[in-house]
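Given next are the chains, with one letter for each unit.
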Amino acid sequence: MATVPPFRPIQNPALSSNTVEQQNNPRTILLVDDIPENLALLDDVFREHGYGTVLASDGVEALQQLQRQEVSLIVADAMMPKMDGFQLCKEVRRNPAFTKIPLVIYTANYVSDEERAFACSIGVDRYVVKYEGLAALIDAVDELSHRDSSVPGQASPNSPPSLNQELTDDHTSLSEPLPSADIQVDGLGLSQIPTEGKAGQRIGTVGEARQTVKPLAQASNTSGQAEGAEDSLKVVDDLAFLEKHHAIVVRKLEEKTLELEMYAETLARKNRELQASEARYRSFFEHAAIAIFVLDRVSGKVLDVNKEGVRLLGFSKAELREMARLPFVDENGFTTAVLETKNFFTKETIMRRKDGKTVNVDVGVGPVDESENARIMLYVRDVSEQRKMREQLQQAEKVALMGRLAAGIAHEIRNPLSAVTVNLQFLVGKYGTEFIDRDSLEAALEGARRIEEVIKNTLNLARLTPPLLADEQVNNLVHRTLWFLKIPLQQKGIKVQTRFTENLPSITVDAKQIQQVILNLVQNAIDASPVGGVIIISTELAGAGVDARSPSHAGRFWPFRKARPDSTIGESGRTDPPCVVLTIKDSGPGIPHEELEHLFDPFRSTKADGTGLGLALSKQILDRHGAVIEFSSVVGEGTVVKILFPTTVNKNGEPHV
């Protein structure tokens, strides 16, 4: 039990802010509770009911408050550090200056009948359990206040006896012989409980201590002897209180220890579940197929990002966290809309990678939860391929539409054009070389032939027949095609260097259609190269890096790779299908970057006399063969065209799995 300083009236106490109000209010309550929230609640409640209040956080502070100022009633929690409510009641009842103050215990822990009986035995006037509600506490306080105000200093006949009253009764009984040597202490059943004194000295049982009172009372009736007997009785009652209080506290501590153990077990289980949930979330987060960014709503900075987000933008996780904003190209208030959103929404935009390139992305944005400062989640999906596919589909639809339109026009032009051509040929043959306007006739005939070629290409574009597939050697196809280009090559003095890889696997193609593609590409290289230039044609077997048979990859623009491995390993660990690669490199001026995206547009050409149908027709043919065409060009260095033909045979001539 805590040591309490003796009562000393203070002449000039240090008054609190509400001391004057408390002194003027005859109904001042001392509220004692170690939980600040509970103390503040009780303070508000009793002030609303017209009581003045004095506050203390434990029993020791409560006794100090009692020495500073007068109170009419005490409301104390039972379980408190330093000095609990039972010990406080004991100290209040043993001090003559405080013994008449009513005391109420208000508890949520000591709720058994035995604990209630113990409280009443030490002088507690009312014992209120917290689950009964504040109304029960207010009723108890009002009752005690009215009782004390009606008869000052006199207890109600219905109230339980205080400890002082018990001591008075015991002192009176000293002059009477005791009925039995085995004495029970006020029905508490503590007569045979051993106690210890200071430094381990044995004091004896409470029954033995009470037996010592009997001979003292019988030996003499003098006042000094009576006072000695009363002091001995007080020692007995103190020991009984300590033993009973100790037993109650130990039992309560055991209950609380058991509760804490159960709570600790529950907490550990919940913690394990939380860790497992966190591990699952982290696994989903890190291995998601789309990029996920977690943003701070206030600053917009990246708090977390998964592996796909790092791969998508090329920045490290640390670099992304240091950014003030994510690198959106098409800003236009998009970041502000992201940080201010309270609902999920999606938008297609553009982000810039670390290497400076841009990537088209579809962004899903939404808060993690509904709280005001919730973090923002961004689900970012690379839609560059889908966008290219849409553009290719639109291009194909446009080509088909224009082809059908042109085919209709060509059909109407072809018949009269045939008549013009025949008549021009007749005039050239009739007048011979001596005709003065022979050059005009030949120019007209060449124009008619040119129109016939345009009509033929237009009809081929509109009515491309399905390929008649057969196994062919790409080297042989190139040799047969170059034979048709001898004259144009000789006219410009252009040399063709062939770098063929021998023993390449066969490709399954329509020979006539593929020759038409090669013829068109080599003719373009001849037209682009200067007089005396060089055209390099090579073949090889390499890993395509893509499944060349997939239609979604046809007609894409790929950066030129100077070296290709024989096969590449994808993320799945399997080798990509090998392909036979045909490369045509000219020595021309190159193609501007802005023109590369329009190479396959029909009727669009960079040549003065071009029709713009050759590449469009070539692309259609390659699409039907499941082949891929790649273009790369540097202005001033020439253009490189690669055609990737799929094959099911690897470099060793074995079937590719």
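Residues numbered from 1 in each chain as written. Predicted model: local features only at pLDDT ≥ 70, side-chain atom pairs only at ≥ 80, totals over all residues. Heavy atoms only, no water.

A. Fine view of the packing of aromatic side chains. Here the structure, examined in full by the defined rule, presents 6 aromatic pairs. With a centroid separation of 5.9 Å and an interplanar angle of 80°, the aromatic rings of Phe 46 and Tyr 51 are classed as edge-to-face. For Phe 46, a relative accessible area of 1% puts it in the buried group. Aromatic side chains Phe 344 and Tyr 379 sit 6.4 Å apart centroid to centroid with 50° between the ring planes, which places their arrangement in the tilted category. Remark: Tyr 379 occurs in strand 12 (residues 376-382) and Phe 344 occurs in the loop between helix 12 (334-340) and strand 10 (345-352); sequence separation between them is 35 residues. Look at Tyr 379 and you get partly exposed, because its relative accessible area is 31%. Through a chain of ring-to-ring contacts, the aromatic side chains of Phe 86, Tyr 110 and Phe 118 assemble into a single cluster. The aromatic ring of Tyr 51 is capped on one face by Arg 27, whose charged end is 4.1 Å from the ring centroid. (Phe/Tyr/Trp six-rings, centres within 6.5 Å; stacked < 30°, edge-to-face > 60°. Buried < 20%, exposed > 50% of the residue type's maximum accessible area, 1.4 Å probe, protein only. Helix = DSSP H or I, 4+ residues; strand = E, 2+ residues; numbered from the N terminus. Lys NZ or Arg CZ within 6 Å of the ring centre and 35° of its normal.)

B. Summary view of the confidence of the model for the chain. On average, residues of the chain score 74 in pLDDT, and 71% of them are at 70 or above. In the predicted structure, residues 1-24 sits below a pLDDT of 50 and forms 32 contacts with residues beyond four places in sequence or in another chain. Across residues 150-234 the pLDDT falls below 50, and counting only partners more than four positions away or on other chains, this stretch makes 96 contacts in the model. (pLDDT = per-residue confidence, 0-100. Contact = heavy atoms within 4.5 Å.)

C. Here's a closer look at the sheet that holds strand 16 (residues 534-543). Ordered by their spatial adjacency, 5 strands build an open sheet running 14-16-17-19-18, and the pairing between neighbours is mixed. Pairing within the sheet leaves two strands with one partner each, and these edge strands are strand 14 (495-499) and strand 18 (628-634). Here the strands of the sheet are splayed against their neighbours by 15° on average, with no regard to which way each runs. One ladder, built from 8 bridges, connects strand 16 with strand 17 (residues 578-585); its direction is antiparallel. (Pairing = 2+ DSSP bridges. Axes fitted to C-alpha atoms, helices over the stretch in contact; angles between N-to-C directions.)

D. Focus on the nonpolar core. Counting residues in hydrophobic clusters, the biggest one holds 39 residues, and the most contacted among them are Ile 537 and Phe 645. Of all the secondary structure elements, the ones that give two or more residues to this core are helix 15 (474-483), strand 15 (507-509), helix 17 (511-528), strand 16, strand 17, helix 19 (614-624), strand 18 and strand 19 (638-646). For this core, the element with the highest residue contribution is helix 17, accounting for 8 residues. Not counting residues up to four positions away in its chain, the partners in contact with Ile 537 are Val 478, Leu 482, Val 496, Gln 497, Thr 498, Arg 499, Phe 500, Val 522, Leu 582, Thr 583 and Ile 584. Counting residues in hydrophobic clusters, the runner-up holds 29 residues, among them Leu 30, Ala 78, Phe 98 and Ile 101. (Core = buried A, V, L, I, M, F, W, Y, C linked by side-chain atoms within 4.5 Å.)

E. Examining the pairing of strand 11 (residues 358-367) more closely. Of all 10 residues in strand 11, 7 are buried, a share of seventy percent or more. Across 8 bridges, the pairing between strand 10 and strand 11 is antiparallel. Paired with Glu 348 across the strands is Asp 362, a residue of strand 11. By the bridge criterion, 7 bridges tie strand 11 to strand 12 in an arrangement that is antiparallel. Pairing of Asp 362 across the sheet is with Arg 381, part of strand 12.

F. Quick peek at the side chain of Glu 115. The residue Glu 115 is located in helix 5 (residues 113-121) in this model. Relative accessible area serves as the criterion here: at 2%, Glu 115 is assigned to the buried category. Polar side-chain contacts of Glu 115 include one of 2.9 Å to the backbone nitrogen of Val 111. Ignoring anything within four residues of it in the chain, the contact list for Glu 115 reads Phe 86, Asn 109, Tyr 110, Tyr 127, Ile 248, Arg 251 and Lys 252. (Polar contact = N/O pair within 3.5 Å; in protein donor to acceptor, adjacent residues only side chain to side chain.)

G. Region of interest: a nonpolar patch on the surface. On the surface, Leu 405, Ile 409, Ile 413 and Ile 451 cluster together into a nonpolar patch covering about 360 Å² of accessible area. Among the elements that make up the nonpolar patch, the one with the highest residue count is helix 13 (residues 384-431) (3 residues). If you trace the backbone, Ile 409 turns up in helix 13. Take Ile 409: its relative accessible area is 47%, and that puts it in the partly exposed class. (Patch = residues over 30% accessible without salt bridge, like charges linked within 9 Å, V, L, I, M, F, W, Y side chains within 5 Å. Areas by Shrake-Rupley, 256 points an atom, 1.4 Å probe, with all protein chains shown as cover. Salt bridge = Lys/Arg side-chain N within 4 Å of Asp/Glu carboxyl O.)

H. Inspection of helix 3 (residues 59-68) at higher detail. Burial in helix 3 covers these residues: Gly 59, Ala 62, Leu 63, Gln 65, Leu 66 and Gln 67. Residues of helix 3 that are buried make contact with strand 1 (28-32), strand 2 (52-56), strand 3 (73-76) and helix 4 (85-94). N-cap assignment for helix 3: the residue whose side-chain oxygen lies 3.0 Å from the backbone N of Val 60 is Asp 58.

I. Inspection of the packing of helix 3 against helix 4 at higher detail. The geometry of helix 3 relative to helix 4 is characterised by a closest axis approach of 9 Å and an angle of 30° between their N-to-C directions. Classified by the interaxial angle, the pair formed by helix 3 and helix 4 is roughly parallel. In this structure, helix 3 meets helix 4 at a crossing whose hand is right-handed. Of the residues in helix 4, those in contact with Gly 59, Ala 62, Leu 63 and Leu 66 of helix 3 are Leu 88, Glu 91 and Val 92. Broken down by class, the residue content of the contact of helix 3 with helix 4 amounts to 5 nonpolar, 1 polar and 1 charged. (Parallel < 35°, antiparallel > 145°, perpendicular 65-115°, else oblique. Left-handed = near helix turned anticlockwise from the far one by under 90°. Nonpolar A, V, L, I, M, F, W, Y, C, P; charged D, E, K, R; others polar.)

J. Here's a closer look at the sheet that holds strand 8 (residues 291-295). Read from one edge of the open sheet, 5 strands run 9-8-12-11-10, paired in antiparallel fashion. On the outer flanks of this sheet lie strand 9 (302-305) and strand 10, each paired with one strand and no other. Averaged over neighbouring strand pairs, the angle between their axes works out to 30° when direction is ignored.

K. Local environment of the pattern of salt bridges. Evaluated as defined, the whole model comprises 25 salt bridges. Of the charged contacts in the structure, one is a salt bridge between Lys 130 and Asp 33, with a shortest N-O distance of 3.7 Å. Linking Lys 130 in the loop between strand 5 (126-129) and helix 6 (134-150) with Asp 33 in the loop between strand 1 and helix 2 (36-48), this pair joins segments that are 97 residues apart in sequence. Lys 130 gets classed as partly exposed once you look at its relative accessible area, which sits at 22%. Given a relative accessible area of 2%, Asp 33 falls into the buried group. Measuring nitrogen to oxygen at the nearest pair gives 3.6 Å for the salt bridge that ties Glu 91 to Arg 94. In this pair, Glu 91 and Arg 94 are both assigned in helix 4, 3 residues apart and thus about one turn of the helix distant. Through salt bridges with shared partners, a single network forms among Glu 114, Glu 115, Lys 244, Arg 251, Lys 252 and Glu 255.

L. Molecular detail of unusual backbone geometry. The residue Lys 82 is not glycine, and still its phi comes out positive at about 65°. Counting through the fold element by element, Lys 82 comes out in the loop between strand 3 and helix 4. Phi is positive for Asn 503, which is not a glycine, with a value near 60°. Tracing the backbone through its elements, the reader meets Asn 503 in the loop between strand 14 and strand 15. With relative accessibility at 75%, the residue Asn 503 sits in the exposed group.

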